[in-house]
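Examination of the molecular architecture
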Amino acid sequence: MTGVLASPLPGLTEDQLALFAGTAEMLAGTHPERRAMALVELGVPVMLAAREHGGLAMGPVELVGVAFELGQQAEDTATLDMAIAAAVVSRYGEVAQVEYLCRLANGDERWTVRLPRHVYPNDAATATRVLYEHGGALYLAAGADCVFDPQHTIDPGRNIARISYHPRPDDFVTRRRDAITYVNALGAVTYSGYLAGLARRMLVDAVEHANSREQFGVPIGSFQAVAHRLADTFVLVDSSVVASFRAAADLADGDDRAVAVARAYCGDAVRRVTVNVLQVFGGIGFTEEHHLHRWLKRAKALESAFGAPHEHRSLVAQAMDQRERVGLSFPRGVR
Amino acid sequence: MTAAATDVSDSARAAFRYRAAFRDEVTSWLATNAPRAPLPSVETTEGFEAHRRWERTLFEAGLAAVHWPIEYGGRGLDPISTAIFEDAYFASGAPERLNIVGLHICGPTIIEFGTEEQKSRYLPDLLACRAMWSQGFSEPGAGSDLASLRTAGVVDGDVIRVTGQKVWTSLGKWSDHILALVRTDQSAPKHRGITMLIIDSHAPGVTIRPIRQLTGEEGFCEVFLDEVVVPCANVIGPLHGGWDVAMHLLSHERGPGVGTPVRYERLLVELWRIATERGLADDPYWRQQLAQHEVDTQVYRMVWERDVQLRAAGDYPLALACGNKILWTELDHRIHETAWAMFGAQAELVETSSDSPAHDGWMRGYWHSRANMIAAGTNEIQRNVIASRGLGLRR
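Sequence order as written defines residue numbering, which begins from 1 separately in each chain. Chain labels run from A onward and ligand labels from 1 onward, assigned in the order the entries are written. For a predicted model such as this one, the threshold for reporting local features is a pLDDT of at least 70, and the threshold for listing and counting side-chain atom pairs is 80 or more; totals across whole chains, interfaces and linings nevertheless cover every residue. Derived side-chain values reflect all non-hydrogen atoms in the structure, with water molecules and hydrogen atoms excluded from consideration.

1. A few points about the overall build of chain A
This is how the line gets drawn: In DSSP terms, a helix is any run of H or I states spanning at least four residues, a strand is any run of E spanning at least two, and both are numbered starting from the N terminus. Buried means the residue's accessible area, taken with a 1.4 Å probe over protein chains only, is under 20% of the maximum for its type, while exposed means over 50%, and partly exposed covers the values in between. Note on definitions: a residue-residue contact is assigned when non-hydrogen atoms from the two residues lie within 4.5 Å.
Along chain A, the regular secondary structure elements total 11 helices and eight strands. In terms of its C-alpha atoms, chain A occupies a principal-axis envelope of roughly 70 × 45 × 35 Å. Out of the 335 residues belonging to chain A, those deemed buried represent 59%. Contacts spanning at least 24 positions in sequence make up 71% of the contacts within chain A whose residues lie at least 6 apart.

Here's what the structure looks like:
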């Protein structure tokens, strides 16, 4: 992420920055139809799986950073769902299930994750396995044992279905509460990063438009109402980036208390960004001819992914009740 | 386990251990030495003197201005350690600092732009809170458009005769010195003819009149200057070069060091307690409201911590400093609006009313939160700066 609108994140390592830059370059230089395969080659599906399972043993920060780059391109989210499913199976799966992970690494399988808080993962109908939450337990279901009822969506880039599955004992992964918490937290923080990416790209495009579109003999960005909307958008985007990466860093340290904060914040922020940005674009932004609609629709479609803002606020309220303030200690050392 | 964790270097770990130890030192010193009960208001002479005595205590412990260089009586701390100090300070509930303008704005300006003679003349008394300082920038006709200021300084040999008027001078009625911007070259373009100089508040020709705010407080003043004789030795920075010095100084008004997150965390703990007392804590509406403030407060802390690190690295973009100011002031305001709503019909009552729920601190805080969106550069100006300097929007 470069340029005057970049959100500097002093806690990121050189390796992380290189990974994110490499992901951005790959996306820019690869034909859309080949990007999913390119992400598999990059190792994204097994990014968080243990090395002994064929994974890259990376952490939530790396996944959020990749999600952020995907969000900027309004790229397909299926690979993120794969990474989330693989992370959970690597950590909590039975030996037999863990063995399937290497098939994910070499592209022989495609997985997805379906939770009560994530009911329409993209491209689920083509998944070979579905990590499915049912009755407080996780199952690794074969795609063939699921029923997919295709749903039609306003978002042209999403290919979704209602997924039904009757739990089979052989597919059982875990009933541990920390596993259910983890899969939901990992999903929420990852999608926070994706939403922040959508928001950032919309800001960049809106600024470019405001600088180039002239009316009344001047660029429309010189009108204070427009300039202030974009200034507000800048603050929303920057703080969303900080929140999603910081929540990921905490989760990497085993602390999930900031995830609900980040997910609630990023959800509300991107909602406001879509309003501000469409106002700046005006009529042209409302057409299919201009690309903005893809970002607008993706943002609206994913507003509730891994929990809507108000649901995460309820979690924050519960934490307050228990006097567990979402306290973050300062400094976080090297971050 | 993760790649990120294994990248931690030894010197970074050592820095963290040093800072954690410093935090413990500050916290424990405050636990022992901070006043047990809140001090009387600075509005009263008794309260002012009580705050001044506390500043003396901090000074004697070497904690008056930890960010100042050691040679001028500070501890030479970097921005991260300074932020840790402030975090711990406000977490402890210690009194509001008295000479903030002096310690954070005037002092650092003299340190950076003053002569050695000026430093030795002014800094010791400033640090010890023997002398109070104010900023004389805004005028009735020059607020957001500061560069249009008209207070005039006529250079006459080794003195400058100053005539004009300043306004919004914080703590003006207590001040001993005013760091002022005056126009010394009427023929130069507006930014180029301004000089920064130190005016003795007790000099002949200086009249300071408190302005009564809508809260009844007299926290700031108007200052009338009538042919005040100021020695040229009181000029800070180059003659006619005061604008650039001022711009540098104003950067200290924004960004971390002002809106410390722990203030809002403490407000929210108190607000949850009030909600519980009033039977509102189980109501879904109030829970969502309070949780929203908690979310915004924690995100603000994350942004603040990131900003402190950028400042420590010497690369803190102006647009982010402006954004920081917008974030904490508007958060502070929203929290106080919720508090006002929670108090219902009793919100309007002052403490002397028999029905008053003893929420006077919240009422004062409410109006201060309204003022904060105006002071130190209105939030509209902050947005203008983000738009032009941050986003590069053409004018």
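2. Focus on the overall build of chain B
Operational definition: Within these notes, the globule rule equals 2.2 Å times the number of residues to the 0.38 power, and the radius of gyration is based on C-alpha atoms. Under the convention used here, a 1.4 Å probe and the Shrake-Rupley method define accessible areas, while residue burial counts only the protein chains that appear.
Check the secondary structure of chain B and you find 12 helices and eight strands. On C-alpha atoms alone, chain B measures out to a radius of gyration of 22 Å, which is about the 21 Å that the 2.2 N^0.38 rule sets for 395 residues. With the C-alpha coordinates aligned to their principal axes, the bounding extent of chain B is approximately 70 × 60 × 50 Å. Across the 395 residues that make up chain B, the buried fraction comes to 52%. Within chain B, contacts between residues separated by at least 24 positions form 71% of all contacts whose residues are at least 6 apart in sequence. For chain B, the accessible area works out to roughly 17,000 Å², and carbon and sulfur atoms hold 54% of it.

3. Notes on the nonpolar core
To keep it simple, the criterion reads: In this text, buried Ala, Val, Leu, Ile, Met, Phe, Trp, Tyr and Cys residues form a nonpolar core when linked through side-chain atoms within 4.5 Å.
If you look at the biggest cluster of nonpolar residues, it comprises 158 residues, and the most contacted ones within it are Leu131(A), Met202(A) and Leu230(A). The leading source of residues in this core is helix α7 (residues 177-212) of chain A, at 19 residues. Grouped together as the second largest cluster of nonpolar side chains are 32 residues, Tyr72(B), Leu103(B), Leu126(B) and Ile236(B) included.

4. Some thoughts on the packing of aromatic side chains
Heads up, the rule is: Pairing of aromatic rings covers Phe, Tyr and Trp, the last through its six-membered ring, and needs centres within 6.5 Å; plane angles under 30 degrees mean stacked, over 60 mean edge-to-face, and all others mean tilted.
Under the criterion given, the structure shown has 21 aromatic pairs over all chains. Seen from their ring centres, Trp29(B) and Trp54(B) are 5.8 Å apart, and the 40° between their planes marks the pair as tilted. With Trp29(B) in helix α2 (residues 10-33) and Trp54(B) in helix α3 (residues 45-60), this pair connects stretches of sequence that are 25 residues apart. Under the relative-accessibility criterion, Trp54(B) is labelled buried at 4%. An angle of 35° between the planes, with centres 5.9 Å apart, marks the rings of Phe85(B) and Tyr89(B) as tilted. You can see Phe85(B) and its partner Tyr89(B) sitting in helix α4 (residues 79-91), four residues apart, about one turn around the helix. For Phe85(B), a relative accessible area of 5% puts it in the buried group. By the ring-pair criterion, three or more aromatic residues cluster together here, those being Tyr132(A), Tyr139(A), Tyr165(A) and Phe172(A).

5. So, the confidence of the model for chain B
All names here are of chain B. Test applied: Values of pLDDT, ranging from 0 to 100, describe the predictor's confidence in every residue of the model.
Predicted confidence across chain B gives a mean pLDDT of 91, with 95% of residues reaching 70 or more. The model gives residues 1-7 a pLDDT under 50, and that stretch makes 15 contacts with residues more than four places away or in other chains. Here the complex is predicted with pTM 0.94, and the ipTM for its interfaces comes to 0.95.

6. Some remarks on the pairing of strand β3 (residues 159-170) of chain B
Residues and elements named next belong to chain B. Going by this rule: By the convention used here, strands pair only if DSSP detects at least 2 bridges between them.
Pairing of strand β2 (residues 152-156) with β3 involves five bridges; the strand directions are antiparallel. Bridge pairing in β3 places Asp-156 opposite Val-159. In textbook terms, the turn of a hairpin is the stretch between consecutive antiparallel strands, and for β2 and β3 this stretch comprises two residues, one of which, Gly-157, has a positive phi near 70°.

7. Considerations on the pattern of salt bridges
Quick note on the threshold: Salt bridges, as used here, are contacts in which a Lys or Arg side-chain nitrogen is within 4 Å of a carboxyl oxygen on Asp or Glu.
Considering all chains together, one arrives at 42 salt bridges over all chains under this definition. In this structure, Glu117(B) and Arg121(B) form a salt bridge, with 2.7 Å as the shortest nitrogen-oxygen distance. With Glu117(B) and Arg121(B) both in helix α6 (residues 116-127) and four residues apart, the pair spans about one turn of that helix. For Glu117(B), a relative accessible area of 41% gives the class partly exposed. Among the ionic pairs, Glu330(B) bridges to Arg383(B), the shortest N-O distance being 3.2 Å. Linking Glu330(B) in helix α10 (residues 318-343) with Arg383(B) in helix α12 (residues 379-390), this pair joins segments that are 53 residues apart in sequence. Taken together, the shared-partner salt bridges connect Arg246(A), Asp250(A), Arg23(B), Asp87(B), Glu265(B), Arg301(B) and Glu305(B) into one network.

8. Here's the deal with unusual backbone geometry
Here Ala74(A), not a glycine, exhibits a phi torsion of approximately 50°, which is positive. Looking at the element boundaries, Ala74(A) is found in the loop between α3 (60-72) and α4 (78-92). The exposure class assigned to Ala74(A) is buried, which follows from its relative accessible area of 6%. Backbone geometry at Leu171(B) places phi at a positive 55°, although glycine is not the residue there. The residue Leu171(B) is located in the loop between β3 and β4 (177-183) in this model.

9. A look at the packing of helix α8 (residues 261-277) of chain B against helix α9 (residues 284-312) of chain B
All names here are of chain B. The condition is simple: The axes are straight lines fitted to the C-alpha atoms, using for helices just the contacting stretch, and the angles between their N-to-C directions are given from 0 to 180°. Angles below 35 degrees are treated as roughly parallel, those above 145 as roughly antiparallel, those between 65 and 115 as roughly perpendicular, and all remaining angles as oblique. Two helices cross in a left-handed way if the nearer one is turned anticlockwise from the farther one by less than a right angle. They cross in a right-handed way if the turn is clockwise.
In contact at an axis separation of 9 Å, α8 and α9 are set at 165° when each is read in the N-to-C sense. Relative to α9, the element α8 is oriented roughly antiparallel. Crossing handedness for the pair α8 and α9: left-handed. Facing α8, whose interface residues are Pro-261, Val-262, Tyr-264, Glu-265, Leu-268, Leu-271, Trp-272 and Ala-275, α9 presents Arg-287, Leu-290, Ala-291, His-293, Glu-294, Thr-297, Gln-298, Tyr-300, Arg-301 and Trp-304.

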